[in-house]
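Read off the chains here:
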Amino acid sequence: MSGILRERRVYLLVAAGTVGWFVTVGHCIEQLGDRPGMVMPLGPLALFIAVTALSSVVLRPRSE
């Protein structure tokens, strides 16, 4: 995947995003299934975004 996008060292970002998304949706699935058109609560969604964004800083590509 990183070869196609020509991005390097994004494995932690992809892994954190994938696991975080399944955890976030799994935690909120009952709330989402109660009513059609229901959106995910802002708190868990903001936490998912923050953790994923912070994971991108850990393995920042070196400037060449």
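Residues numbered from 1 in each chain as written. Predicted model: local features only at pLDDT ≥ 70, side-chain atom pairs only at ≥ 80, totals over all residues. Heavy atoms only, no water.

A. Seen up close, the overall build of the chain. Along the chain, the regular secondary structure elements total three helices and zero strands. Moving toward the C terminus, one meets the helices and strands of the chain in the order α-α-α. Per-residue burial for the chain yields a buried fraction of 17% across its 64 residues. Sequence separation of 24 or more characterises 56% of the internal contacts of the chain that already satisfy a separation of 6 or more. On the chain, roughly 5300 Å² of surface is accessible, and the fraction owed to carbon and sulfur atoms is 68%. (Helix = DSSP H or I, 4+ residues; strand = E, 2+ residues; numbered from the N terminus. Buried < 20%, exposed > 50% of the residue type's maximum accessible area, 1.4 Å probe, protein only. Contact = heavy atoms within 4.5 Å. Areas by Shrake-Rupley, 256 points an atom, 1.4 Å probe, with all protein chains shown as cover.)

B. How the structure looks around the side chain of Thr24. With respect to the helices, strands and loops of the structure, Thr24 is situated in helix 2 (residues 11-34). In this structure, Thr24 is in contact with Met40, Pro44 and Phe48, ignoring residues within four places of it in sequence.

C. Quick peek at the layout of surface pockets. Quantified by volume, the largest pocket comes out at close to 170 Å³. Looking at the largest pocket, the residues that line it are Ala16, Val19, Gly20, Val23, Thr24, His27, Pro44, Leu47, Phe48, Val51 and Thr52. Mapped onto the lining of the largest pocket, the elements with two or more residues apiece are helix 2 and helix 3 (42-58). For the lining of the largest pocket, a count of residues per class yields seven nonpolar, four polar and no charged. (1 Å grid on protein atoms, 1.4 Å probe; cavity = no way out; pocket = protein on both sides within 12 Å on 5 of 7 lines; lining within 4 Å. Points joined across faces, edges and corners; volume = space filled by probe spheres on them. Nonpolar A, V, L, I, M, F, W, Y, C, P; charged D, E, K, R; others polar.)

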